[in-house]
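If you want the building blocks of each chain, they are given just below.
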Amino acid sequence: MRRLTIATVATDNPMGAQVYEAEIATRAAAALAGVDGPGWAARRLVVRSLRAATPGNRRLPMGWVTSASPVARREVGRLLYAGDTVSHRMNLELPPSPRADVVTLHDVVAWKFPDESPPVPAAREELRRAAAVICVSHFSAAEAVELLGIEAPHVVHNGVDRRFFDPAPAAPDSLARLGIDGTYVLVTGGASARKNLEGLAAAWREVSRARPDLTLVVAGPEHPRRSELFRPLPSARLVGRVDGALLPGLVAGASALVVPSHYEGFGLPALEGMAAGVPVVAARTSALPEVIGDAGLLVDPTPAGLAEGILHAVSGESEVRQMAARGRLRAEAFTWEESARGHARVWSAVGKSLA
C-alpha cells in the first residue's frame, strides 16, 4: 500500500490557504483512486507548536524548525514522513521530506513584501530540490520561476466551495447583528499592504458622494490598518471575521464584491463572488485577470479606477447583469474536485518516478 501524507500547520486564524488545505486533504484519497486506481492510503498531519491549543495531531517546536539549518530540517522531515511514498507539505515552515517532497507555493509574497511574514531561510533551496512544486495560478508559477529559480512548477487552480453557488442572501436579522442595513458592497480578506485597502478607502469617499445610500462592508480579522482606514468613514461597517456559515449569504446579498489588491497569488474572494452571481470589481493585477477572465470588471487599482468600477457594478445595467451571469458560469469550471484531481496527477507521477 502506497501512502500519501498531506502536512499542514494549525492556525488560530484560518484564511484562504487553510480553505485550500482542508478541501484538498478531504478529497485526496478519492482523487488518487480516480487517477491511479486503488492501492493508495492518504493521511493528514496537522502540525502545531509544542504549547499551542489549536487543534492538531502532531507537535513540533515550530519556531526552531522554521529557522533551523537545512540539515536539521531534513532530519526532522525524515522522522515526520517516515513510511511515506509521497509527502506533500502545504506550508513552507514545515520540514521537507527526504524522498518525495511535494510543496504548495501559493505566491512569493514573503520575498516581495516587507510587511508579510519573512521567508523561511531554507525555503528557496528546498523548493528547488523538491520533487514537485504546485502553484495555484500561472501567474504564481511564473513568479516562482523568475524570482526563486524553480524549474517547471505545476499549475493547479483552486476551487470554490459549492455553498457559494446561488446561496440565499443573508437574512435581515443576521445582517442587523453585523450592523448592516440596506444596500452594500463587500470586501473580504487580509489587511497587508498588497491588499490596497488605502486605495479602496480613498475610492469609497468618491463612491459615497455619488451613492450615499451604499454601505461598504469590510470583513476580515481585526487589524490596525483596516480600523484606521475605515472606522472614520460613516458609510463603512467593519464586521470582523464572518462565520463560515454566514459568509455565502453575505456575499450573495452584496450589490458588488470588490478585490482591490495590488497582488494576489489566486484571488479566492473574487471566485466566491462570481459563484454567487454577484458583480465582481477587481484590480487588473497579478493573478486576478487569470481567475476572472471577462466575467468581472477589471480596473486600475487606483482610487479613481476602483470608484468608477464600483459605481458601474452597482448601476443595475443589463451589461453588468450579463457579466455576473458569465461569472457564475465561469466559476463552475473551478471545482475542488478538479483541483484535487490535478493534485492527484502530480502525486501519482512523483510516486511512479521514485518507485
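The rules behind each value
The residue numbers shown here count from 1 along each chain, following its written sequence. Confidence filtering applies because this is a predicted model: local features only for residues at pLDDT of at least 70, side-chain atom pairs given and counted only at 80 or more, and all residues used for totals across whole chains, interfaces and linings. Side-chain measures were taken over the full set of non-hydrogen atoms in the model, leaving aside hydrogen atoms and water. Here a helix means four or more residues in a row that DSSP labels H or I, a strand means two or more in a row labelled E, and each is numbered from the N terminus. Only the C-alpha atoms count toward the radius of gyration. The rule for a globule is 2.2 Å times the residue count to the power 0.38. Only protein chains enter the accessibility calculation, which uses a 1.4 Å probe; a residue whose area is less than 20% of its type maximum is buried, one above 50% is exposed, and one in between is partly exposed. Only heavy atoms enter the contact rule, under which two residues are in contact if any of them lie within 4.5 Å. Here the Shrake-Rupley method, with its probe set to 1.4 Å, supplies the accessible areas, and only the displayed protein chains count as covering residues. Note on charges: Lys and Arg go in the positive column, Asp and Glu in the negative column, and His and the chain ends are not counted at all. Every charge is mapped onto a representative atom, which is NZ of Lys, CZ of Arg, CG of Asp or CD of Glu. UniProt positions are given in the numbering used here, feature names are shortened, and annotations may be inferred rather than shown by experiment. Pairing between strands is defined by DSSP: at least two bridges between them are needed. All axes are obtained by fitting lines to C-alpha atoms, using only the stretch in contact for helices, and the reported angles, taken between N-to-C directions, cover 0 to 180 degrees.

The name given to the protein chain in an unreviewed UniProt entry is Glycosyltransferase family 4 protein, and the organism recorded there is Intrasporangium calvum.

(A) Molecular detail of the overall build of the protein chain. In terms of helices and strands, the protein chain carries 15 helices and 13 strands. Here the C-alpha radius of gyration of the protein chain, 21 Å, is about what a compact globule of 355 residues would show, namely 20 Å. Counting only C-alpha atoms and orienting by the principal axes, one finds that the protein chain spans roughly 65 × 40 × 40 Å. Here the protein chain holds 355 residues, and 54% of them are scored as buried. Contacts spanning at least 24 positions in sequence make up 65% of the contacts within the protein chain whose residues lie at least 6 apart. Surface accessibility of the protein chain: about 15,200 Å² in total, with carbon and sulfur atoms responsible for 54%. Computed over 39 positive and 37 negative side-chain charges, the inter-centroid distance for the protein chain is 6 Å.

(B) Here's a closer look at the UniProt feature "domain: Glycosyltransferase subfamily 4-like N-terminal" (unreviewed entry) in the protein chain. This chain's UniProt record puts "domain: Glycosyltransferase subfamily 4-like N-terminal" (unreviewed entry) on residues 102-162. The span residues 102-162 carries 36% helix and 16% strand; its end-to-end C-alpha distance comes to 27 Å.

(C) Just the sheet that holds strand S12 (residues 280-283), in detail. Here six strands make up an open sheet; going across it, the order is S10-S9-S8-S11-S12-S13 and the pairing parallel. The open sheet has two edge strands with one neighbour each: strand S10 (236-240) and strand S13 (297-299). Along the sheet, successive strands turn relative to each other by an average axial angle of 25°, direction set aside. In terms of strand pairing, strand S9 (residues 215-219) meets S10 through four bridges, oriented parallel. The residue bridging Val 217 from the neighbouring strand is Arg 237, located in S10. Relative to S9, helix H8 (residues 197-210) is tilted by about 165°, and along the sheet it contacts strand S8 (184-188), S9 and strand S11 (256-259).

(D) Structural view of the sheet that holds strand S7 (residues 154-155). The parallel open sheet is built from seven strands, whose spatial order is S3-S2-S1-S4-S5-S6-S7. Pairing within the sheet leaves two strands with one partner each, and these edge strands are strand S3 (58-59) and S7. Pairing of strand S6 (residues 132-135) with S7 involves two bridges; the strand directions are parallel. Bridging across to S7, Ile 134 finds its partner in His 154. Seen against the sheet, helix H1 (residues 16-36) touches strand S1 (2-9), strand S2 (40-48), strand S4 (86-89) and strand S5 (101-105) and runs at an angle of roughly 170° to S1. Together, S5, S6 and S7 form the strand contacts of helix H6 (residues 138-148), whose direction differs from that of S6 by roughly 130°.

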